[in-house]
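Here's the letter readout for the chains.
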Amino acid sequence: PKQPLQGELIFSHVSFRYKAEDAPVLSNISFHCKPGQRIALLGPTGSGKSSLVNLLPRFYDYTEGRILLDGVELNQYSRHYLRQQIGIVEQEPFLFSRTMRDNITYGVGRPVTQAEVENAARAAAIHEVILSKFPQGYDTLIGERGITLSGGQKQRIAIARTLLKDPRILIMDDSTSAVDTETEALIRQALQNLMRGRTSFIIAHRIQTVMDADLILVFHQGSIVQRGNHEQLVAQEGFYRRIYEAQTRMEQEFEAQLSAMNN
């Protein structure tokens, strides 16, 4: 399809198994995502969250049901086209032994000006870091697999890269898990900039990350066991409220310990 994607997705009774004889990894998944909405996926490790988002760029094809993207069956789109339209920000972003600029422009697929690179880096809260901490700025060579950068800096380079690619659909795999609180605040702001106007899927382990999502899907053993927004889910018995209460309690204890140390 040549017309620009809107990013509307309808999952209808979708199931997926790696091999015909395997148990299903996803069972009977149905939900509707409007263009520009934020969908959060929550649940224990192995519950099917990553398997679900891996269907979107067609890393795997679903085995039952239908996924419609802008009204067209997903498998009617070529893998190449889908991967151009989908941006993925992973927990451990992959960086190359090239310059900062090369890493930000990697995979964009069109000529990019320095001004565009800097704007993307600003929105990803990494521009000032590149200019102040690295004498050669955007021409600084990044070491093998990004070892000259901290986890938070790598994340923000990956976010700048995704901003430059300008995808219609975003997949974010717990992108703030490996950083300190200050960096997390910067990354969260960068992600807000990135998600604006795009259909976004957020895989999360912390409730903090998903509280403002339009729809939260709680997974357990390949099925959706709860759905709704934060207010709706906190109001009902179940996994979501248990996790919310446990995480809130841990944060309060941590705050109490900090203030005790400061007094």
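Residues numbered from 1 in each chain as written. Predicted model: local features only at pLDDT ≥ 70, side-chain atom pairs only at ≥ 80, totals over all residues. Heavy atoms only, no water.

Draft legend 1. Looking closely at the environment of Leu-52. Residue placement: Leu-52 occurs in helix H1 (residues 49–55). Distance from Leu-52 to Met-100, taken between C-alpha atoms, is 32 Å for residues 48 residues apart in sequence. (Helix = DSSP H or I, 4+ residues; strand = E, 2+ residues; numbered from the N terminus.)

Draft legend 2. Up close: the packing of aromatic side chains. Tallied over the full model, the rule gives eight aromatic pairs. For the pair Phe-11 and Phe-31, a centre-to-centre distance of 4.5 Å together with 15 degrees between the ring planes defines the contact as stacked. With Phe-11 in strand E1 (residues 9–16) and Phe-31 in strand E2 (residues 26–33), this pair connects stretches of sequence that are 20 residues apart. Pairing Tyr-18 with Tyr-60 gives two aromatic rings, centres 5.2 Å apart and planes at 85 degrees, and the pair type is edge-to-face. Taken together, the residues span a long stretch of sequence, with Tyr-18 in the loop between E1 and E2 and Tyr-60 in the loop between H1 and strand E4 (64–69) at a distance of 42 residues. On the accessibility criterion, Tyr-18 (47% relative accessible area) is partly exposed. By relative accessible area, which is 32% here, Tyr-60 ends up partly exposed. (Phe/Tyr/Trp six-rings, centres within 6.5 Å; stacked < 30°, edge-to-face > 60°. Buried < 20%, exposed > 50% of the residue type's maximum accessible area, 1.4 Å probe, protein only.)

Draft legend 3. Region of the structure containing the pairing of strand E3 (residues 38–42). The element E3 is largely enclosed, with a buried count of five among its five residues. The alternating pattern of E3 places Arg-38, Ala-40 and Leu-42 on one face and Ile-39 and Leu-41 on the opposite face, and all of these are buried. With five bridges connecting them, E3 and strand E8 (residues 199–204) associate as parallel partners. Bridging across to E8, Ile-39 finds its partner in Phe-201. Bridge analysis of E3 against strand E9 (residues 215–220) gives four bridges, and the strand direction is parallel. Of the residues in E9, the one forming a bridge with Leu-42 is Val-218. (Pairing = 2+ DSSP bridges.)

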